[in-house]
Amino acid sequence: MFYQFYELNHAALGPFRAAADVTKLYFQNPLNPFTHTHLGRSMAAACELFERTTRRYGKPEFGIKTTLVGGTRVPVTERVVWERPFCRMIHFERGLEAGRRHDPKVLLVAPMSGHYATLLRGTVEALLPRHEVYITDWIDARMVPLDQGRFDLDDYIDYVISMMHALHGEAHLIAVCQPSVPVLAAVSIMEQNDDPYAPPSMVLMGGPIDTRISPTAVNKLAADKGIEWFERNVIMQVPFPHPGFMRSVYPGFLQLGGFMSMNLDRHMTAHHDFYRHLIKGDGDSAEKHRDFYDEYLAVMDLTSEFYLQTVETVFIDHALPRGEMMHRDRRVDPSAIRRVALLTVEGELDDITGMGQTQAAHTLCSNIPADSRADYVQQGVGHYGVFNGSRFRSEIAPRITDFILTHDRGRARGMAAKPSAAASKPVEKPATPKRGGRPSISLVK
């Protein structure tokens, strides 16, 4: 009944949000003598703050209209190129001149962990100048009718394999956070099947491959509570009148509550500062707050079977690093990966996925050649900074592009007569980076 209670409260606050909107407009009207007074600005700011903290945020738009390619500004068009009940694959199609040089394709596998794929807008923008970018656009489970069937971790893996087939194995896989486990499993299955559509490379970013290493508060919660606790306390049914009525889900608002509680003081300070910026008329700072929280507060529901299977497999049983993870009735064997290059990326200050958890993939993928694997630790960034922000654009994204270009099959075919310097140049192997050390990229043997 908790989901129904949440919906009832949201509906009950509707008239108050409408009243707050009217009051805000009244105190922002240039004909109102109170508009430019401290009282007027305070009233308008309070009304906007109330409306924003009580509304439901819908799915944001990517809103990427152009990108810069080779010094030329070109248009970008979103096109759905693959679709299933729980996911769409979107291609950010660049308006390039015919006959332009080959740019590697990348399939960006977005997290299915509460937020929409638009959380990776900055990631897409950073990759577009040098790549043909595709992204998994996961569908809110409360919007999927019950007659469309179930969706679990096995289905997730099947979706990734199906998308790689749709792209004819030409796309490099980039998994951000949660998808690192199913992406590694999908590539393992493809290699076990000797699938010709296996990707040229995969990049795992801040992913919980082995949560026994440097466990965070999120990891410890799952281990301490056990799967029965999650079944009893966080699984609910979608209420009427949503299309997914009666579907068993893990509601997005619960996930959001968990995220916010981890840094509650920071969020309260941000909203207090937003109120002050509105009173002072600092429009730029206020707009930055709106942009961030429009994205951060937009959440989606997850199917209960996917959520519970992920929690149990990844965080409680540690099935993948123990060699016990199953896909359908088959064991997932990362040591079968031989042709797919591997790059892992971690953040030094990541409080969601501890340092070393993603790097563990190199131990599991023991048969990838030494010159086809690398690990990078970005100093001074947390979980969000691994895939977004200034450090990502200036430090991480260029390394990902270099790694992909080095291992791109299409580029290799086009330059068969003249091997690239990047591919042939030996890579140094410094010691594994530690906290506080210098940023480094290294081969992992």
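Rules behind the numbers
Residues numbered from 1 in each chain as written. Predicted model: local features only at pLDDT ≥ 70, side-chain atom pairs only at ≥ 80, totals over all residues. Heavy atoms only, no water. Core = buried A, V, L, I, M, F, W, Y, C linked by side-chain atoms within 4.5 Å. Buried < 20%, exposed > 50% of the residue type's maximum accessible area, 1.4 Å probe, protein only. Contact = heavy atoms within 4.5 Å. Axes fitted to C-alpha atoms, helices over the stretch in contact; angles between N-to-C directions. Helix = DSSP H or I, 4+ residues; strand = E, 2+ residues; numbered from the N terminus. Left-handed = near helix turned anticlockwise from the far one by under 90°. Nonpolar A, V, L, I, M, F, W, Y, C, P; charged D, E, K, R; others polar. pLDDT = per-residue confidence, 0-100. Expected span 1.5 Å × (residues − 1). Phe/Tyr/Trp six-rings, centres within 6.5 Å; stacked < 30°, edge-to-face > 60°. Polar contact = N/O pair within 3.5 Å; in protein donor to acceptor, adjacent residues only side chain to side chain. Pairing = 2+ DSSP bridges.

A short note on the nonpolar core
- Core analysis: the largest hydrophobic core is formed by 105 residues, its most contacted members being Phe-92, Leu-107, Ile-135, Met-202 and Met-205.
- Setting aside residues up to four positions removed in sequence, Met-202 forms contacts with Leu-173, Leu-184, Val-187, Ile-337, Val-340, Ala-341, Leu-342, Leu-343 and Cys-365.
- Formed by six residues, the second largest nonpolar core is a distinct cluster that contains Tyr-3, Ala-141, Val-249 and Phe-253.

What to know about the packing of helix α3 (residues 38–54) against helix α10 (residues 264–280)
- Two elements in contact, α3 and α10, have axes whose closest approach is 8 Å; the angle formed by their N-to-C orientations is 145 degrees. In this structure, α3 meets α10 at a crossing whose hand is right-handed. Along its contact with α3, which presents His-38, Arg-41, Ser-42, Ala-45, Ala-46, Glu-48, Leu-49, Arg-52 and Thr-53, the element α10 presents His-271, Phe-274, Tyr-275, Leu-278 and Ile-279.
- A breakdown of the residues in the contact of α3 with α10 according to their chemical character gives seven nonpolar, four polar and three charged.

Thoughts on the packing of helix α1 (residues 2–12) against helix α2 (residues 14–28)
- In the contact formed by α1 and α2, the axes pass within 4 Å of each other and the chain directions differ by 35 degrees. On the side of α1, the interface is formed by His-10, Ala-11 and Ala-12, while α2 contributes Gly-14, Pro-15, Phe-16 and Arg-17.
- Considering only residue class, the contact of α1 with α2 consists of four nonpolar, two polar and one charged.

Brief notes about the confidence of the model for the protein
- Residues of the protein with pLDDT of at least 70 account for 91%, and the chain-wide mean is 89.
- Counting contacts from residues 413–445, a segment whose pLDDT is below 50, to residues more than four positions away or on other chains yields 50 contacts.

Quick word on helix α11 (residues 283–296)
- Its 14 residues give α11 an end-to-end C-alpha distance of 20 Å, which sits within 8% of 20 Å, the value for a rise of 1.5 Å per residue.
- Within α11 the residues assigned to the buried category are Ala-286, His-289, Arg-290, Tyr-293, Glu-295 and Tyr-296.
- Residues of α11 that are buried in the fold lie against α3, α4 (121–127), α9 (252–262) and α10.

Looking at the packing of aromatic side chains
- Taken as a whole, this structure holds 24 aromatic pairs when the rule is applied.
- Seen from their ring centres, Phe-292 and Tyr-293 are 4.9 Å apart, and the 90 degrees between their planes marks the pair as edge-to-face.
- Ring pairs connect the aromatic residues Trp-82, Phe-86, Trp-138, Phe-151, Tyr-156, Tyr-159 and Phe-306, which therefore count as one cluster.

A look at the side chain of Asp-375
- Along the chain, the position of Asp-375 falls in strand β14 (residues 373–378).
- One polar contact links Asp-375 to Thr-344, side chain to side chain, over a distance of 2.6 Å.
- One polar contact links Asp-375 to Gln-359, side chain to side chain, over a distance of 2.9 Å.

Topic: the sheet that holds strand β9 (residues 248–250)
- If you walk across this open sheet you meet the three strands as β8-β9-β10, and the pairing is antiparallel. Edge positions in the sheet fall to β8 (236–237) and β10 (302–303), since each of these pairs with one other strand and no more.
- Relative to β9, β8 runs antiparallel, the two being bridged by two bridges. Across the sheet, Met-236 pairs through a bridge with Val-249, a residue of β9.

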